[in-house]
Structures are given as C-alpha cells and as structure tokens.
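# Close look at the chain arrangement
One letter stands for each residue in the lines below.
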4 protein chains.
Amino acid sequence: MIIVFKPKVKETDVNHVVDQVKQRGLDTHLVIGEEVTICGVIGDTTRIDPRQIEVSPFVEKVMHVGEPYKLANRAFHPDDSIIDVSGVKIGGDHLALIAGPCSVESKEQVIEIAIAAKAAGANLLRGGAFKPRTSPYAFQGMGTEGLDILLEAKKVTGLPIVSELMSAEYIDEFNEKVDLIQIGARNMQNFDLLKEVGRRCTKPILLKRGLAATFEEWIMSAEYIMASGNPNVILCERGVRTFETYTRNTLDLQAIPVVKKLTHLPIIIDPSHAGGKWWLVEPMAKASVAAGCDGLMIEVHNAPECAMCDGPQSLKPSKYAELITQIKEIAKIVGKEV
Amino acid sequence: MIIVFKPKVKETDVNHVVDQVKQRGLDTHLVIGEEVTICGVIGDTTRIDPRQIEVSPFVEKVMHVGEPYKLANRAFHPDDSIIDVSGVKIGGDHLALIAGPCSVESKEQVIEIAIAAKAAGANLLRGGAFKPRTSPYAFQGMGTEGLDILLEAKKVTGLPIVSELMSAEYIDEFNEKVDLIQIGARNMQNFDLLKEVGRRCTKPILLKRGLAATFEEWIMSAEYIMASGNPNVILCERGVRTFETYTRNTLDLQAIPVVKKLTHLPIIIDPSHAGGKWWLVEPMAKASVAAGCDGLMIEVHNAPECAMCDGPQSLKPSKYAELITQIKEIAKIVGKEV
Amino acid sequence: MIIVFKPKVKETDVNHVVDQVKQRGLDTHLVIGEEVTICGVIGDTTRIDPRQIEVSPFVEKVMHVGEPYKLANRAFHPDDSIIDVSGVKIGGDHLALIAGPCSVESKEQVIEIAIAAKAAGANLLRGGAFKPRTSPYAFQGMGTEGLDILLEAKKVTGLPIVSELMSAEYIDEFNEKVDLIQIGARNMQNFDLLKEVGRRCTKPILLKRGLAATFEEWIMSAEYIMASGNPNVILCERGVRTFETYTRNTLDLQAIPVVKKLTHLPIIIDPSHAGGKWWLVEPMAKASVAAGCDGLMIEVHNAPECAMCDGPQSLKPSKYAELITQIKEIAKIVGKEV
Amino acid sequence: MIIVFKPKVKETDVNHVVDQVKQRGLDTHLVIGEEVTICGVIGDTTRIDPRQIEVSPFVEKVMHVGEPYKLANRAFHPDDSIIDVSGVKIGGDHLALIAGPCSVESKEQVIEIAIAAKAAGANLLRGGAFKPRTSPYAFQGMGTEGLDILLEAKKVTGLPIVSELMSAEYIDEFNEKVDLIQIGARNMQNFDLLKEVGRRCTKPILLKRGLAATFEEWIMSAEYIMASGNPNVILCERGVRTFETYTRNTLDLQAIPVVKKLTHLPIIIDPSHAGGKWWLVEPMAKASVAAGCDGLMIEVHNAPECAMCDGPQSLKPSKYAELITQIKEIAKIVGKEV
C-alpha cells in the first residue's frame, strides 16, 4: 500500500499518519520529496482498509499495490487448481461441459434432456430447483422435488448434478443431493451465505459473477468461501450489466485470461444467460473455448417454446450436439481435452 | 402485454400462439395488418413471463404495457403511504432524518453521536452491527453486542433505531431490538431473505437499491416483501454503479420523482454511500430534499479519521448540524415538515 | 506520478526505467524497500503518458498523483471563473437561466417562446439550428435560417443566444450570430473541433459532458479548448449513460461539487435531456440549484406535442414560470442571485 | 410502430393522435380493447420520431417494431457484403488481418513492423498519423508526414493502409493515400463528419463503435455514411465502457453475431484497444475468430516499451506470428479463409 500525502504537508502531520499505520503492526518506508511525500506500507495490508487512512486531511490518496486476496491468488499458488466434481475434473486441461434445462419441470423432461446431453458429450447435468426470480409472481422452482428429479436423472445417466443454492437453510440437502453447488449472480455478495457455504458445504462451489461485480469483488467473494473452509471454488462468468439492451447482458470474455492471471481457480462460461437469445450461444460458446475457458454451462431444453423459464436462450439437444462437435475441434487447438 | 408477430406470419401460427395465451386464462385482441400482426393481451399479465411467448419462432417481440407490480403500484393506491417507525412518520409531508455512524464501534461512540445527532435535528439513529464487507478480512461488525449498544443509545435519546439485517437467522432479534430493518444493496435480490422479511418481520423495512438495479427490479423486490406479508416498505437510493470512478457511485436523484410516480412508497436518500466523500454529502443532501425525497440517511461520526468503516464519507456532528439548518429551509419550500 | 516496481526487481532494471524518466526532463525520488520499490516522479508530468512507463516488464503499476490538466485546474486558479456572455454573467454567485426550444422550427415559435421565457425570468435563449440526430432520416435542423430566427428573437427580447456548433466550417457564422457556443455531448471528444473552437471562437463555449465521459475526460476536453486559446469554457452536465432505461439518461448531480472542487469553471445542468420526460425537469432543476449549480438549461416549448424534436422533455411556458419562482427561493438559500 | 394508449382513453383523443400520424403519410390499424387501446402504424416509420407521438398526454408508450435503418439492414440485403480494400476482400469467408503500430513514429519503425507483419500473415497495415488523444499535451501524431511513411511501407510490402481520419479537412489527402479510412470511436456520432465521409470518401470506411454506443446507434452511424453515398462500411468493435476498470474496456464479442444478424456489413474486432494489455490480445483474438468475425485489427510494435502511444497493448512481431498460426487453425474450423 502506498500513501500519497498532500503537497506541502508538515512533517508532524506525516508522522501522525505513519504512527497510525505502525500501530497496526505494519512497516513503513517514507520518502519526503520537495513536491511530493509518499509512504510505502509493508506487511499484511489485506487487514487494513485504505479508506481509513484516506480520511486524514493530510492524505491525498491511498493506493493498493498487489491484490487484497490471498487464498485465491495465483501469486501464492502458481499451479492451476483442478477441482474434482464427483469424478469429473474441472480446471487444468479438462473442459467441463455442463448442460441441462434452466428449471426442473418434470421427471420426463429432465431425464430426456439428460440422456440427450450426455449423448452429445456433456459431462455434468444442470437444472434449477430453487429459482431466483425478479417477480414474486413468477414460477419459483420445484424445490426439493426438483432436486429428487435431478437425482433420478443422475441414476440414469451417471452425470453429476449442478444446482443453485439460495439459502443456508438447504445446505444439508444440497450436500447430500448436489455435486456442484451454484451460488447465483444475485447472491454473489450475500456474505452470510458465502460464509455458511464455506463453512458447511462439503461439495465444490460454482460462484457466478454478480451483474455489476468487478473482477476483484468477484474474487473476494471466492476468498470468503475459501477463508471459511471450502477451497474448491469454480468461477462462472455469465454476463455483466451494461447500457446495451439488445442482449440480456454483455458477456465479458476478457474475464477468462484475467481470472487465470489473477487466480488459480477454474473459470467456466455461461453463454445462455449472458445473451438471453439461443442464437448467441453457439458463437459465444466457441469463442469461450478459444479464449481458454475451463468449461461451458449451456441451457438445453427439449421444447424451448414450452419452457417455464428462459426458453428463448435454450438450445435444442440436436443443436447442442452440433455445437459440441465444433467445440471439441477448437478445444484441441487450445490444448484442452474433452 | 402486446405480442408483435414476425412479418408475413401465417394465420395458423398466430392462432397457435394465441391459444397458448388463452390457456393461461387471459383474453386476447388480434389485429391482422398487411405488414404487421399484433395481439393485445388482457388480464393479469403479471403471471405470464413475456420470454415464454418470445421463444416462439413466429413472434418478433413481446412488450409489457403497464408495470409487473401490484401492491407497490401507485395506480392501485393513489395516496402516499406513510410508514410509522416507532412513532416517527415517514412519507407524505414528513421528512425523516436518519443519522449515525456507519458501524457501531463502542457504547461511548454511539451515545455521543446519538446525542449530537438528535440535538442537530435527527429523528432516527442508524448504526451497523452486522456489516457487509467486500473482504472477509475486514471488520465484520459487533453483531448482537452492537445492537445492544444501539438500544442503550435509544434509551438515552429516544431515537428509534435503523440497522441492517443480513441473514434471516437474526430476524427475531431484529424484531425485538430494531425499529426500521434495513436490507442492504447487495441483498436487494436475495429473494429468500426478502420472503422471510416479508413473512416474519414485524417492523418496517428499508430496502436499499442494488448497485445495478433498475427501478423496476427495485420495486419488484419491494413487491416481494409486500406480497409476503409486510406492507411497510421504504425505498432507499444509495447510488448506482457507473463507469465513473472518482465518486464511489453515481447518485441517481431522478429516482425520487420516478419512484413517487410509479409507487406510493416513501423514498429516502443516502448521500454518504453514494459519493464516498464527506464533502459531497452536503450538496447532495440539499439536492435530495429539493427534489422531494422523504428522508435522508447520513453517516455522522465523532471522529471520522478513527472510524473503523467508511470514515471518509462521514460528517462530524457540527457539520451535520449546519447542514440540517439549511435542509429545513429547503424542506419548507418544497412543502415538507421537519 | 508514482512508479511501483514489481516485487524483487533488480537494481539495474530499476535504473533503466529511472533513466527513461529523467531523459524526459523529470526528477525522480527512489525508495528501495525490501518488498516494494517505488519511484516518485517530480516535474511537469502532464507531458508523460503513464502507459509508456507501464509497458516495462519491471513495472507493476504507474499512478498519477494530481490531475493531468492545468489551465482548468482550481489548484492554479483558486477563484471561481465568471464568464461574461454578452453581458450576462455565469459563475460565482450568478445563476444562468437558459430556456428555449430544442429545435428552432419557425420565427413565430421562437419569438413566442422567447418572450414567455424572458417574462418567466430566463436570461439566455437556447435553440438548436444544427441538430445532431441519431438517424440520418430525422429532422436535421433549419441551419443558418434557424440562427437568423434566433437573432430576431434576440432583437425582440434582448436575450443572448445559445446554440450548438457541430462543425468547424460554421465557426465564423457562430462567432457573428451566437453568444454562447455549445459543443454537444457527442462531440465532446471531437478533438479537432475542440482545437478549432479554442483557436477561432471569439465567444464563450458551453461544453456538454459526453454520455460516458469521466469527470477527468470532460475537464481534459475543456483543457483542449483553453490550451488552444479560448479560456471561457462553461461545463454542462446532461446525464450519463447507465443500465437504467426508464429515464433517457442518469443525471449525475455529484458533478456539481466535483467540478467545483477540481476546476474553477462554471457548471450548469440540463435536466431536460437527462431524464427525457418533462415531469422530471422540475424536481431535478430544483435539486441542481440546491446542489450549487451555476445555471440551468431547460427546454421550453409552446406546444410540446407538436415539437419536431424532444417534445416529451419540454416544459410549457406556464410550467416554466412556476418552476422559476421556486428556483429563486432555493437560489437564495444557497447564496445565488437571480 | 405501435402506439399504446393510456387506459380508459376517450375515442376523440385517440382519433386526434391517429390523425397526426396519418398526416405524415402513414397508415394505421386501430384496436380498441376494454382495457387497452393500441394502434399499429404501417409505412416508412423511419421518418417519424416516436417521441413526437409519446408527448401526447393520451399515449402510454410508443414502440418501434423493426429497425430504423434500411441500407444497412440485412432484411433488405440478405447476402453478406464483401468490401474490396484495394484488392483485399473483407466479409463473407474472407478474414482480414490488420496489423501495425498504434502511431506512426518513424520510417524505419513502420517499415520494419510492416515487413514482419506481412511475413506473419497480415494482409493490411494499420498506423495512426492523426491521433485522438484525451490530453492536449499528449503526442498528437505525425500527420501528413505519417501518412507518407505508411505509403512508403506500402510500396515495400504491398499492404494496403488503414488509418484514422479525424476531420473532413483531410478527406482529399486520405482518398489519395489511405486504402481503408477509419472513423474512431470518439467520432462515431460526429454526424457532420459521417455525412462528409459518406459524400466525399472514395475509399471504404472502417467505423469503430463508440465507447457507450448501442448496437442500434452504431448501425445508424453506418447508415449515415451509406445514406450519404458510400456503401462500403466495415464495422469495428473495440470494447465498450463498463464499471470494470482492470481492463481498459469490456470487449463485447456478442457484437459479432448481433451485427451479422441485423446487418449485411462485415465486422472486425480490435482486441488491442479493448483490453489495453498485450496479454489479453491473444485469447481475445482467438475468441473473435471462433465467434465468426470478419477480421482482426491488432497493434504490433517492434519495441512496445518505447512506443509513443499504447505500448502496453502492443504485441511484438514474433508473438503476432505465433498468434496468426493459431488463428488460421481456428479460422478453418469456422469456415473462413486466410
């Protein structure tokens, strides 16, 4: 951390600030120039809030050097983390292909889709049982019954299950029934949930990026989970909110190289939610793999026009199968196994 | 809701879509033009997801007419809602003046600030006991002990208490100790919490706008609380996220007339969090009152340079007192009592 | 400017970077710490591009201290600039009230509006003769004929004229006919136009903020005009682009205190374009004055429903007159004369 | 266009609005429902401003159906446009590979880079002679001398030249010396320049997307050029402005399928400006090609650490050559020739 003082600051005022920093157990290096006085702060600066220093009337600016996260930081963990999801590896040179309906609607639906997805090459099955909906009047998901349907589909296909957890109340049930527990974009900074998930979830976590979350905030939310005890976090980019309204959100594929540079965690892409239109899924899925992502989460529905949720962004199984064929070719070029 | 069909659509395809709509118990009006075919949908369209219709290959666009919320809608409740917070009225021509530290740090601190704030004209006391922090390593608040300190300050000053609830686990405690229960920006779409708060909180709710929440989404979150049983919701604008980084967030004061047009709920403004700099608070507080807000939530701290959280955006009590003097003059001009 | 080196950088590599800086005539102060090495750069750093230093593989980060603008900077010009627009003062404790139609449509229209606006208290007349329109098929303004109509309205009312210049080609005509030359939001970074306007315009310039321009970029565009020879620049906030679509743009009133802190230039607010709805103009105009703006630019139209452009955001003269009455009361409280 | 009237509107008020529309030569279809009255407008609605109708107190909303552009619209021109840039085809199954320095700095520099870029597979040479810079004190480019250097590099390598035009003043010179004339992001809505470029440029135009421009606005700017007489427009996505600051801008690759669906114009991607960091270029370039773009514009510099502009985002020639090798493999999979 670097503290820049106001021009022409007095020595006593500088010392006052420096003392404050030292009291927190940190070391300082002071440079007093003619026009600028700066102080480098050395030590574990993750425990100091720069804004607490900035409030001083003698301080111009406080700037962080280095990142505020440790467990997620690639600097302290240079190798890619490879997360095992009930036997399916995610990260490194493994490519996760997660497919399934937005919402679980019926046993027939899920099993039919799961069989088709597996045949196409998917290695994980997604399905929403508890649904975060903007309107209290919209379909809120089948809940526990939905999870049980997913379990039946797993029995048939062997595909591990990915599903969203919305409340700490259901952690035990998810530990029992779900293989990869998703935290949705709207709960990315539900810090109490993150702590509970870190403390109590025995399964890996798929942490979606919030609609207006910076890379740093997103990684800090992963850090919450890791610091609370669960090191198995996979990040998922699903589009951010911009001024553009033609697409549901703007898919930020720069997230892939950025997350890989800053952290050792795997990153997967959800092109279905990002664009909100099925015809955007194919080009964006291919782009994601070319950019080096560790997996794709794609909505597949056997009858999108009857879907209870997000039909317009779902692919039919036949389209999904065609897509995976091309994905495999691109994956080979960028060094991923499928 | 209006369904616009693709140009040159066939009659059978139109009928297929119209039938789908009718099956959900809604009425339709069809206009078949040479170049455009449209269908007006009549009835309770809040229960239909426009995207379910849009998925049809014969449909160009589905457009909502009217708002998706009912209980919060001014159309069905033309008079301003006036919410009673332990004797302090918010809404109508009443102006709420909420003041206090970002975080509760000690009994002495809170009581000193509360006395000063009351003397300056504040009629409610704020203080964070459970703190949502971006970093797991930052101070997370004093918790229950913090609420108890607020209660002591209430005993001394008589000011009702505003504090943030982060998890449904603490609802009973908040019902007992807090007068106005805040849901923070990061939990605005924590739908499970909204439902619990609606179902179980016996006190009014202060619902902050999410960092990237549209007016409609924000009101829909109020609707969640109201539909779950608690009609006493106050909205709070605290700045939205934009490309500008000089200020912490961009304060959207257009929210005041917009919220008042669309809903009957009171709206208060938090200029402290929006700008993140204490010298922005005064001009923005005055602007908010001039624009017709129903209250101000302002961070006041007796020693901002020692604050454990958000010091740079806190006013000293003397500055706060000066501000309230000017606020009262502006309030008079726009027809608000203080 | 502060250069932060990568951890464990070698001395020779540091020296290489330091030499580069010195070759540009700047002084350096180096601190070599155990874990962090930083270099403070002293001198006229506005002439150095931080990204040129950042490209070095030994550099972690380059941070600007202080602002990249000089002529517009309040640090070097502590007093408010007061700009004289053909006898009307803008800045300091003067409040400019600019009113008129979005587009000049006819002589009768403009004169009728000008008389009404003046009667209500306006001291400057606005009207678009050259119109920047998103569509090439939309009405593009009356051009020279429009300026001549404005001149006739000036003859009748004495109100100086504000109108937008879109191309350097018309500078001589604007110098002759217009009193305050507007540069529109979409041309805020049309640098060739800014240079020409600075070099050749003999009248003050009203520089609108671009739809996605940061405060710094906006002030840098003012600096372009000033550095090219025209010191008389007035800034105008007109809303920025965000994810919110209910309003045309989000009006950023924090711009008022921020611009006043960073520069000595006057700032006026255009609440008509920001919201795009006439009923937002009144509350936002009052808010702007309460926040300390130096003027308001408001669209007034005698028949908004027939306006060729932006009717929905125009006030009728009677509404404008009512508004000005309230504005004057608020202006008094914040120390502005009208 | 569809006009939705306010609930319970009177017939006479509806007729008044309908008459207004008819007077502009358009046809109407009226549906009067119990709860909603809507009016479909048929004909060339690109010449009507929906906001002119919306201003009526009887109108709830006006919605466009279909797009406001015609010449650029794929609906009226189903085949891909293939633009010939001095012998190099862009569009269809051709992939343009534009490479070169951000700024022209010297003859030696440009020729060295041009030879290396050509050897790596580039088929067009970029170089800025007139530079749009945020600061008036930054290097503004070599101007005419810079264009002449590019011409010399063209003589040596045969690569056609891409360079940015900032003012109509230089159109004749650009027509003579430049093969593909770039309009920069900051001038995307400099409508006077767009008209002149459409009317007078004899070479194809590369139109960059504005930093906060919607797809529709961007295409409308292409429509300006086309409607003014130059049908040869290529679109270029270069990142949009969001809340994220780690990257310079957020690259919106959904632009590729969206632009291809809405228009018949080619779209190329500039990953260098989008991210602002050289290590983002490789993954984003591969992603762009996988998503189906028609070309890549990449900054290549022989000594990025000495570049006068944008060094941090430039690739060295050897890195560029490696990238092109992989690009060619991906291009093959998605059906593009290189």
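Residues take numbers from 1 onward in each chain, read along the sequence in its written order. Chains and ligands are labelled sequentially in the order written, the chains with letters from A and the ligands with numbers from 1. Note on the predicted model: pLDDT of at least 70 is required for a residue's local features to be given, and 80 or more for side-chain atom pairs to be given and counted; whole-chain, interface and lining totals, by contrast, use all residues. Heavy atoms from the whole structure form the basis of all side-chain values; hydrogens and water molecules are not counted.

A least-squares fit on C-alpha atoms brings the copies together, and the residues used are those whose pLDDT is at least 70 in both copies. Its rotation angle being 180°, the transformation that places chain D on chain C also includes 0.0 Å of axial translation and leaves an RMSD of 0.0 Å. Expressed as an axis order, the relation between the two copies is that of a two-fold axis. Relative to the rotation axis, the C-alpha of Ala212(D) is the closest in chain D, positioned 3.0 Å from it. We call two residues in contact whenever any of their non-hydrogen atoms come within 4.5 Å of each other. The residues that chain D uses at the interface reappear at the interface of chain C in 100% of cases, marking a shared surface.

A word on the pairing of strand E10 (residues 180-183) of chain B. Residue and element names in this part refer to chain B. The alternating pattern of E10 places Leu180 and Gln182 and Ile181 and Ile183 on opposite faces, both of which are buried. The pairing of strand E9 (residues 161-164) with E10 spans 3 bridges and is classified as parallel. What sits directly across from Ser163, in E10, is Ile181. Convention used here: a crossover is right-handed provided that the path from the first strand, over the helix, to the second strand proceeds clockwise when the strands point away from the viewer. In DSSP terms, a helix is any run of H or I states spanning at least four residues, a strand is any run of E spanning at least two, and both are numbered starting from the N terminus. Where the polypeptide runs from E9 across helix H5 (residues 171-177) and back to E10, its parallel neighbour, the crossover connection is right-handed. You can see the chain leave E10, run along helix H6 (residues 191-200) and come back into strand E11 (residues 205-208), and the turn it takes is right-handed. Classification of residues uses two cut-offs on accessible area relative to the type maximum, computed with a 1.4 Å probe and protein chains only: under 20% is buried, over 50% is exposed, and between them is partly exposed. DSSP calls a pair of strands paired once it identifies at least 2 bridges connecting them.

Residues and elements named next belong to chain D. A helix is expected to reach a length of 1.5 Å times the quantity of its residues less one. The first and last C-alpha atoms of helix H11 (residues 317-333) sit 25 Å apart over 17 residues, in line with the 24 Å expected at 1.5 Å per residue. Among the residues of H11, those classed as buried are Tyr320, Leu323, Ile324, Ile327, Ile330, Ala331 and Ile333. Around the axis of H11, the buried residues are gathered within 155° of arc, so they sit on the same side. Residues of H11 that are exposed and angled more than 90 degrees away from the buried face: Glu322 and Lys332. Here the arc refers to the set of directions running from the helix axis out to each C-beta atom.

Take the interface of chain B and chain A next. At the interface, 46 residues of chain B touch 46 residues of chain A. By buried area we mean how much accessible surface two parts lose on assembly, using a 1.4 Å probe and totalling the loss over both. Of the roughly 4,100 Å² buried between chain B and chain A, counting both surfaces, carbon and sulfur atoms make up 51%. Among the residues chain B hides against chain A, the three largest losses belong to Arg51(B), Val55(B) and Tyr137(B). Together they make up 18% of the total. By definition here, a salt bridge exists when the distance from a side-chain nitrogen of Lys or Arg to a carboxyl oxygen of Asp or Glu is within 4 Å. Linking chain B to chain A there are 2 salt bridges. Here Glu217(B) and Arg241(A) are joined by a salt bridge, their closest N and O atoms 2.6 Å apart.

Tracing the backbone through its elements, the reader meets Ala75(D) in the loop between strand E4 (59-63) and strand E5 (83-85). In sequence terms Ala75(D) and Lys261(D) are 186 residues apart; their C-alpha atoms lie 9.1 Å from each other.

Residue and element names in this part refer to chain A. Axes, fitted as lines to C-alpha atoms, cover a helix only where it is in contact. Angles between the N-to-C directions of the axes lie from 0 to 180 degrees. Running from amino to carboxyl end, helix H10 (residues 278-290) crosses helix H11 (residues 317-333) at an angle of 20°, the nearest separation of the two axes being 9 Å. One element, H10, and the other, H11, form an angle in the roughly parallel class. As H10 runs across H11, the sense of the crossing is right-handed. Along its contact with H10, which presents Trp278, Val281, Glu282, Ala285, Lys286, Val289 and Ala290, the element H11 presents Lys319, Leu323, Gln326, Ile327, Ile330 and Ala331. Our angle categories are set so that under 35 degrees counts as roughly parallel, over 145 as roughly antiparallel, 65 to 115 as roughly perpendicular, and the remainder as oblique. What makes a crossing left-handed is the near helix being turned counterclockwise from the far one by less than a right angle; a clockwise turn instead makes it right-handed.

Our focus in this paragraph is the packing of helix H7 (residues 215-227) of chain D against helix H8 (residues 255-262) of chain D. Residue and element names in this part refer to chain D. Two elements in contact, H7 and H8, have axes whose closest approach is 11 Å; the angle formed by their N-to-C orientations is 50°. Regarding the angle of H7 to H8, the classification is oblique. The hand of the H7/H8 crossing is right-handed. Residues Phe215, Trp218 and Ile219 of H7 form the contact with H8, whose participating residues are Ala255, Val258, Val259 and Leu262. Residues that form the contact of H7 with H8 fall into these classes: 7 nonpolar, no polar and no charged. Put simply, Ala, Val, Leu, Ile, Met, Phe, Trp, Tyr, Cys and Pro go in the nonpolar bin, Asp, Glu, Lys and Arg in the charged bin, and everything else, Gly too, in the polar bin.

Time to look at the sheet that holds strand E1 (residues 2-5) of chain C. Residue and element names in this part refer to chain C. The strand order E2-E3-E1-E4 describes an open sheet built from 4 strands, whose pairing is antiparallel. Either end of the sheet is taken by a strand with one partner, and the two such strands are strand E2 (27-32) and strand E4 (59-63). This sheet shows a mean twist of 15° between the axes of neighbouring strands, independent of strand direction. Looking at chain direction, E1 and strand E3 (residues 37-42) are connected through 3 bridges and run antiparallel. Its bridge partner lying in E3, Val4 is registered against Ile38. Packing of helix H1 (residues 11-23) onto the sheet brings it into contact with E1, E2, E3 and E4, and relative to E2 it is tilted by some 160°.

A few words now on the relation of the copies chain B and chain A. For the pair chain B and chain A, the superposition axis carries a translation of 0.0 Å, the fit reaches an RMSD of 0.0 Å, and the rotation angle comes to 180°. Looking at the interface residues of chain B, 100% of them are also at the interface in chain A, so both copies use one shared face.

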